[in-house]
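Coordinate analysis (summary)
What follows is each chain in one-letter form.
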Amino acid sequence: MKITVLQNIMNANDQLAERNLAILNRNGVLAVNVMSSPGAGKTTLILETIRRLRNRVRIGVIEADVASTIDADKIALESVPVVQINTGGQCHIDANMVSNALERIPLKDIQLLLIENVGNLICPADFKIGVQKNIMLLSVPEGDDKPFKYPLMFTTVDAVIVSKIDYLPLSDFNLDQFRQTVEGMNRKARIFSLSARTGEGFEAWVSWLESVLKDFSGGKGSGGDQRKTD
Amino acid sequence: MHELSITQEILNIALDKAKEAEANRVLQINLVIGEISSVVDDCVQYYFDFISKDTIAHGAKLNFRRIPLQVKCRICGHEFSPSGEHWKCPVCQQWDAEIIGGNEFYMESIEVE
């Protein structure tokens, strides 16, 4: 006997993600899911963002890694609340891990929650975690052809940050072509290019983040995790 | 590598549906997976055989129907399958494509007895 099911496999995760989003919205916290390959500069981006915004915005961080607390230790030095998730081998964080981490973050005390996903351009794109904004970094040494190789990631994020642009003179990375590629695949994505080391381009990213936060606090936008998995 | 958690979800859904139908055994599970959904078929079947032991779904065959990546040109509306670096619309030569297929991931049906 054949039974029609037509059910999204990610349904259970998606429902938990919606619950996370509701908790964040209720507490007035804007959460940003930061994704990239290992070594693209997620932790550095988060650290530098904290340093530039800390006087104006109360920030908390969730750090996810397969193992270790190296990144969380670095964040803790900035004296912001940080929770470490160790995924124990899993290549991404899912809504359940974030749900547990949210219980350990003082949501009442923060306005912006930066969530560093596991370094991976594939799996995190499939798992909603329940945030208002999803962003990704691509570092110059990785090459400008990555959108074609990881289309799901590039087509579902709200912002793409090209990091380590101080390496551009040493590389054949074509920034204009890359922009055109991303714009052609994902109309909503804002594209930034920056270097945390030299500071070039960083201010544009931070002001965008602040404007998103302002819109969110003004109640205009809490659109939610719009990424499609079905 | 997230096939294990996905496989667990596939098993849960199949067992739920089989229970609703008061079935004794799940024989086949038909899944629809888009080309850009990152799931490795062999891996899922391997995990499934392992974690379905002691359930009525043990021995069930997983069938995967793959859906190719399909995009729609936002300029002229033409629908096409991009390959590699060829995302440009073959009709109007513009590059402004919206994904309309290839990111699916759902269970279509199960065969039970």
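Position numbers for residues count from 1 along each chain, tracking the sequence in the order it is written. All chains are assigned letters beginning with A, and all ligands numbers beginning with 1, in the order in which they are written. In view of the model being predicted, local features appear only for residues whose pLDDT reaches at least 70, and side-chain atom pairs are presented and counted only at 80 or more, with totals across whole chains, interfaces and linings using the full set of residues. To obtain the side-chain values, all non-hydrogen atoms of the structure were used and water was disregarded.

**Focus on the overall build of chain A**
We count a stretch as a helix when DSSP gives it H or I for four or more residues in a row; a strand needs E for two or more, and each element gets its number in order from the N terminus. In terms of regular secondary structure, chain A is built from 8 helices and 8 strands. Put simply, the radius of gyration uses C-alpha atoms, and a globule should come to 2.2 Å times the residue count raised to 0.38. Relative to its length of 230 residues, chain A is compact, with a C-alpha radius of gyration of 17 Å against a globular reference of 17 Å. Only protein chains enter the area calculation, which uses a 1.4 Å probe; residues under 20% of their type maximum are buried, those over 50% are exposed, and those in between are partly exposed. Split into buried and exposed, the 230 residues of chain A put 59% on the buried side. Throughout, a residue-residue contact means that at least one pair of heavy atoms, one from each residue, lies within 4.5 Å. Across chain A, every contact between residues at least 6 apart in sequence was considered, and the portion connecting residues at least 24 apart equals 74%. To be clear on the numbers: accessible area is Shrake-Rupley with a 1.4 Å probe, and residue cover counts the displayed protein chains and nothing else. A total of about 9500 Å² of accessible surface is found on chain A, and carbon and sulfur atoms cover 47% of it. Here the positive residues are Lys and Arg and the negative ones are Asp and Glu; neither His nor the chain ends is included. Charge positions come from single atoms, namely NZ of Lys, CZ of Arg, CG of Asp or CD of Glu. Across chain A, the 26 positively charged side chains and the 27 negatively charged ones have centroids separated by 4 Å.

**Side note on the sheet that holds strand β2 (residues 30–35) of chain A**
Adjacent strands of a sheet pair through backbone hydrogen bonds, lying either parallel or antiparallel. Residues and elements named next belong to chain A. DSSP bridges decide pairing: two strands pair if at least two such bridges lie between them. Strand order across the open sheet formed by 7 strands is β4-β3-β5-β2-β6-β7-β8, with parallel pairing between neighbours. Strands at the two margins of the open sheet, each flanked by one partner only, are β4 (82–86) and β8 (190–193). Each strand of the sheet is rotated relative to its neighbour by a mean of 20 degrees, with strand direction disregarded. Taken together, the 5 bridges between β2 and strand β5 (residues 112–116) define a ladder with parallel strand orientation. From the neighbouring strand, L30 faces β5, where its bridge partner is L112. The sheet strands contacting helix α2 (residues 42–53) are β2, β3 (59–65), β5, β6 (133–139) and β7 (159–163), and the helix crosses β3 at an angle near 170 degrees. Helix axes use the C-alpha atoms of the stretch in contact, all axes being lines fitted to C-alpha atoms, and the angles between their N-to-C directions lie in the range 0 to 180 degrees.

**Topic: the pattern of salt bridges**
Any carboxyl oxygen of Asp or Glu within 4 Å of a side-chain nitrogen of Lys or Arg constitutes a salt bridge here. Under the defined criterion, the tally for this structure stands at 15 salt bridges over all chains. A salt bridge links R25(B) to E113(B), with the shortest nitrogen-to-oxygen separation between them at 3.7 Å. Of the two residues, R25(B) sits in the loop between α1 (3–20) and β1 (26–34) while E113(B) sits in the segment after β6 (105–112), which places them 88 residues apart along the sequence. Salt bridges here are not isolated pairs; linked through shared partners, they connect E48(A), R51(A), R52(A), R54(A), E78(A) and E203(A).

**Some thoughts on the packing of aromatic side chains**
Residue and element names in this part refer to chain A. Between 30 and 60 degrees the pair is tilted, below 30 it is stacked and above 60 it is edge-to-face, where a pair is any two Phe, Tyr or Trp rings, Trp via its six-membered ring, whose centres lie within 6.5 Å. If you walk through the whole model with that rule in mind, you get 7 aromatic pairs over all chains. When the ring of F173 is compared with that of F178, the centres are 5.4 Å apart and the planes differ by 50 degrees; the resulting orientation is tilted. By relative accessible area, which is 7% here, F173 ends up buried. Each ring, one from F192 and one from W205, has its centre 6.2 Å from the other, and the planes form 75 degrees; the classification is edge-to-face. Residue F192 is found in strand β8, and its partner W205 is found in helix α8 (residues 202–217); the two are separated by 13 residues along the sequence. In this structure W205 comes out as buried when scored by relative accessible area, which is 1%. Chaining the aromatic ring pairs together yields one cluster made of F154, F173 and F178.

**Describing the interface of chain B and chain A**
Residue-level contacts link 32 residues of chain B with 31 residues of chain A. What gets called buried area is simply the loss in accessible area from a 1.4 Å probe that two parts show on being joined, summed for both. Buried surface at the junction of chain B and chain A, summed over both partners, amounts to about 2900 Å²; 61% is from carbon and sulfur atoms. The interface formed by chain B and chain A contains 1 salt bridge. Pairs of N or O atoms are called polar contacts if they sit within 3.5 Å, as long as, within protein, a hydrogen donor faces a hydrogen acceptor (for residues adjacent in sequence, only side-chain-to-side-chain pairs). Counting the contacts that link chain B with chain A gives 9 residue pairs in polar contact (both at pLDDT 80 or more). Elements represented by at least two residues in the side of chain B that touches chain A include exactly α1, β1, β5 (97–101) and β6 of chain B. Among the elements that line the side of chain B that touches chain A, the one with the most residues is β6(B), at 8 residues. In this count, Pro and Cys sit with the nonpolar residues alongside Ala, Val, Leu, Ile, Met, Phe, Trp and Tyr, while Asp, Glu, Lys and Arg are called charged and the others, Gly among them, polar. For the side of chain B that touches chain A, a count of residues per class yields 16 nonpolar, 8 polar and 8 charged. Across 5 bridges, strand β1 (residues 2–8) of chain A lies against β6(B) in antiparallel orientation. Considered in β6(B), the bridge of T4(A) is made with S109(B).

**A few points about the nonpolar core**
Counting residues in hydrophobic clusters, the biggest one holds 31 residues, and the most contacted among them are M136(A), V160(A), F178(A) and W87(B). For this core, the secondary-structure elements that each account for two or more residues are β6, α6 (151–156), β7 and α7 (175–185) of chain A together with β3 (70–73) and β5 of chain B. For this core, the leading source of residues is α7(A), giving 4 residues. Take the buried residues of types Ala, Val, Leu, Ile, Met, Phe, Trp, Tyr and Cys, join any two whose side-chain atoms come within 4.5 Å, and each joined set is a nonpolar core. Within the second largest apolar cluster, 30 residues are counted, among which are V34(A), I135(A), L137(A) and I161(A).

**So, the confidence of the model for chain B**
Residues and elements named next belong to chain B. For every residue, the predictor reports its confidence as pLDDT, a number between 0 and 100. Mean pLDDT over chain B: 92, with 99% of residues reaching 70 or higher. Summarising per-element confidence for chain B, the mean pLDDT is lowest in β5 (91) and highest in β1 (97). Interface predicted TM-score (ipTM) for the complex: 0.86; the corresponding pTM is 0.90.

**Remarks on the side chain of N30(B)**
Structurally, N30(B) is set in strand β1. Note on N30(B): relative accessible area 16%, which makes it buried. One polar contact links N30(B) to N63(B), side chain to side chain, over a distance of 2.8 Å. Beyond its immediate sequence surroundings of up to four residues, N30(B) is in contact with K2(A), N63(B), Y106(B), M107(B), E108(B) and S109(B).

**Points about α1(B)**
One fewer than the residue count of a helix, multiplied by 1.5 Å, yields its expected span. Counted at 1.5 Å a residue, the expected span for α1(B) with its 18 residues is 26 Å, and the 26 Å between its end C-alpha atoms agrees. Looking at α1(B), one finds that the buried residues are E3(B), I6(B), T7(B), I10(B), L11(B), I13(B), A14(B), K17(B) and A18(B). Burial along α1(B) is one-sided: seen end-on, the buried residues are contained in an arc of 165 degrees. Exposed residues lying more than 90 degrees from the buried face of α1(B) are K19(B) and E20(B). Turning to α1(B), the residues buried within the fold contact β1 of chain A together with β1, α2 (41–51) and β6 of chain B. For this quantity, the arc is that covered by the directions from the helix axis to the C-beta atoms.

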